[in-house]
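In case you want the letters, here they are:
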Amino acid sequence: MARHTAAVLHLAAGENPIFISRLLGHSSGELLFRRYAPFVPNAVGGDGAAFEGMMARVRARRAA
């Protein structure tokens, strides 16, 4: 499997980008994000909904 294909498939599967970066032998996650940002779920055009959802779950647990 080619490196680029592996990177994109790992990202599509939801793997941790830092893990993928290390798998590819990068010294940091910066290159991975610069090259593959369009393939990182919610990396571009994100609206903050994931964060808001997480905070709502935290608040609900605290209220319970």
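Placed above this text is the structure.
Treat the numbers as computed from the prediction; the structure is a model and nothing was measured. (Residues numbered from 1 in each chain as written. Predicted model: local features only at pLDDT ≥ 70, side-chain atom pairs only at ≥ 80, totals over all residues. Heavy atoms only, no water.)

Draft legend 1. Representation of the overall build of the protein chain within the structure. The helix and strand inventory of the protein chain stands at four helices and zero strands. Ordered by position from N to C terminus, the α and β elements of the protein chain give α-α-α-α. Within the protein chain, buried positions represent 20% of all 64 residues. For the protein chain, the computed accessible surface area is about 4800 Å², with 59% contributed by carbon and sulfur atoms. (Helix = DSSP H or I, 4+ residues; strand = E, 2+ residues; numbered from the N terminus. Buried < 20%, exposed > 50% of the residue type's maximum accessible area, 1.4 Å probe, protein only. Areas by Shrake-Rupley, 256 points an atom, 1.4 Å probe, with all protein chains shown as cover.)

Draft legend 2. The arrangement of the environment of L24 in detail. When you line up the elements, L24 lands in the loop between α2 (17-23) and α3 (30-36). Since its relative accessible area comes to 11%, L24 is described here as buried. Between the C-alpha atoms of L24 and H4, which are 20 residues apart in sequence, the distance is 9.3 Å. Residues within four places of L24 in sequence aside, it is in contact with R3, A7 and L32. (Contact = heavy atoms within 4.5 Å.)

Draft legend 3. Layout of the nonpolar core. Among the nonpolar cores identified, the biggest contains seven residues, and these are A7, L11, I20, L24, L32, Y36 and V40. Within the residue set of this core, elements represented by two or more residues are α1 (3-12) and α3. (Core = buried A, V, L, I, M, F, W, Y, C linked by side-chain atoms within 4.5 Å.)

Draft legend 4. Molecular detail of the pattern of salt bridges. Across all of its chains, the model carries one salt bridge by this definition. Measuring nitrogen to oxygen at the nearest pair gives 3.5 Å for the salt bridge that ties E30 to R34. Taken together, the positions of E30 and R34, both in helix α3 and four residues apart, correspond to about one turn of that helix. Overall, R34 belongs to the exposed group, its relative accessible area being 58%. (Salt bridge = Lys/Arg side-chain N within 4 Å of Asp/Glu carboxyl O.)

Draft legend 5. Molecular detail of α1. Listing the buried residues of α1 in full gives A6, A7 and L11. Buried residues of α1, viewed axially, fall in a sector of 130°; they line one side. Tucked into the core, α1 has its buried residues touching α2 and α3. (Arc of directions from axis to C-beta.)

Shape is all these values report; function is a separate question.
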